[in-house]
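The primary structure of each chain is shown beneath.
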Amino acid sequence: MQMMKKKHDNYNVIYAGTFDPITNGHIDIIQRAARLFPHIIVAIAANPSKNPLFSLEQRVALVEQSIGTMGNVTVVGFSGLLADLAKQYGAKCLLRGIRSSDDVEYEIQLSQLNQRLSHQLETIFLPPAVEWRYLSSTMVREIYRHQGDISPFVPKPVYLALRNLSSL
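Residues numbered from 1 in each chain as written. Predicted model: local features only at pLDDT ≥ 70, side-chain atom pairs only at ≥ 80, totals over all residues. Heavy atoms only, no water.

K.L.:
Give me the pairing of strand β5 (residues 93–97): which residues, what numbers.
P.N.:
Looking down a regular strand, the side chains alternate between one sheet face and the other. The buried fraction of β5 amounts to four of the five residues, a majority that puts the element mostly inside the structure. Pairing geometry for strand β2 (residues 13–17) and β5, over three bridges, is parallel. Counted as the bridge partner of Ile-14 is Leu-94 from β5. Bridging between β5 and strand β6 (residues 122–126) involves five bridges; their strand directions are parallel. Paired with Cys-93 across the two strands is Glu-122, which belongs to β6. You can see the chain leave β5, run along helix α4 (residues 101–117) and come back into β6, and the turn it takes is right-handed. (Buried < 20%, exposed > 50% of the residue type's maximum accessible area, 1.4 Å probe, protein only. Helix = DSSP H or I, 4+ residues; strand = E, 2+ residues; numbered from the N terminus. Pairing = 2+ DSSP bridges. Right-handed = clockwise from strand over helix to strand, strands pointing away.)

Quick look at the structure:
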């Protein structure tokens, strides 16, 4: 796991979230973004107020395992403001996934706030593929809590990790 690395000018876009857990919709966004940008930082927020199923270290490891060997993607854990992380890495662009019109207003507010905190930051919105538009980590956690089958919705490493949590 890489925590709060020094500034690197070759990182130009950050895709941030709690990723608890990472879903196939997130993977879709990462894969498509990796084709659009020279380098992507997947930044995993500590965000303890959300009471995550997995620790920050576990989420970083699960994302790394789930994306495989994508050479232009770096996974980092962070706490604090996303605008500060962007400054640290010299990133000028944030990538946000939007599933529906319900997400748009909230994401625009975040975009404006981040730009206020760091004037050079721009936000690009990318919807997931149609088959993942309904999917969220919250839905996956709810299905998991009710012993439903989450295997169609998450990468195999996440499925196995959640299965191991169930056996504790």
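K.L.:
Requested: an account of a nonpolar patch on the surface, with residues and values cited.
P.N.:
There is a patch of nonpolar side chains on the surface, built from Leu-81, Leu-113 and Leu-117 and spanning about 260 Å² of accessible area. Looking at the secondary structure, you find Leu-117 in helix α4. (Patch = residues over 30% accessible without salt bridge, like charges linked within 9 Å, V, L, I, M, F, W, Y side chains within 5 Å. Areas by Shrake-Rupley, 256 points an atom, 1.4 Å probe, with all protein chains shown as cover. Salt bridge = Lys/Arg side-chain N within 4 Å of Asp/Glu carboxyl O.)

K.L.:
Give me the lowdown on the packing of helix α2 (residues 56–67) against helix α6 (residues 156–166), citing residues and values where you can.
P.N.:
At a closest axis distance of 8 Å, the pairing of α2 and α6 adopts a crossing angle of 140°. Between α2 and α6, the crossing angle belongs to the class labelled oblique. Contacts between α2 and α6 pair Leu-62, Gln-65 and Ser-66 from the former with Pro-157, Val-158 and Ala-161 from the latter. Within the contact of α2 with α6, the residues separate by chemical class into four nonpolar, two polar and no charged. (Axes fitted to C-alpha atoms, helices over the stretch in contact; angles between N-to-C directions. Parallel < 35°, antiparallel > 145°, perpendicular 65-115°, else oblique. Contact = heavy atoms within 4.5 Å. Nonpolar A, V, L, I, M, F, W, Y, C, P; charged D, E, K, R; others polar.)

K.L.:
Go over the nonpolar core, please, and point to the residues and values.
P.N.:
Formed by 36 residues in total, the largest nonpolar core has its most connected members in Ile-30, Ile-40, Val-42, Ile-44, Val-63, Ile-67 and Val-73. Contributions of two or more residues to this core are made by β2, α1 (24–36), β3 (40–45), α2, β4 (73–78), β5, α5 (137–145) and α6. Every residue in contact with Ile-67, bar those within four places of it in the chain, is listed here: Ile-27, Ile-30, Val-73 and Val-75. Counting residues in hydrophobic clusters, the runner-up holds 15 residues, among them Tyr-89, Ala-91, Leu-94 and Leu-121. (Core = buried A, V, L, I, M, F, W, Y, C linked by side-chain atoms within 4.5 Å.)

K.L.:
Explain the packing of aromatic side chains to me, using residue names and the numbers behind them.
P.N.:
This structure, assessed with the given rule, holds two aromatic pairs. Their ring planes at 70° and their centres at 5.4 Å tell us that Tyr-15 and Phe-19 sit as a pair that is edge-to-face. An angle of 85° between the planes, with centres 6.4 Å apart, marks the rings of Tyr-134 and Phe-153 as edge-to-face. Residue Tyr-134 is found in the loop between β6 and α5, and its partner Phe-153 is found in the loop between α5 and α6; the two are separated by 19 residues along the sequence. Looking at Tyr-134, the relative accessible area reads 44%, which means it is partly exposed. (Phe/Tyr/Trp six-rings, centres within 6.5 Å; stacked < 30°, edge-to-face > 60°.)

K.L.:
How would you sum up the UniProt feature "site: Transition state stabilizer" (unreviewed entry) in the chain? Please name residues and give values.
P.N.:
UniProt annotation of "site: Transition state stabilizer" (unreviewed entry) refers to His-26 when read in the numbering used here. Along the polypeptide, His-26 turns up in helix α1. Residue His-26 is classed as buried on the basis of its relative accessible area of 16%. Excluding residues that lie within four positions of it along the chain, His-26 makes contacts with Tyr-15, Phe-19, Pro-21 and Ser-137. (UniProt positions renumbered as here; feature names shortened; annotations may be inferred.)

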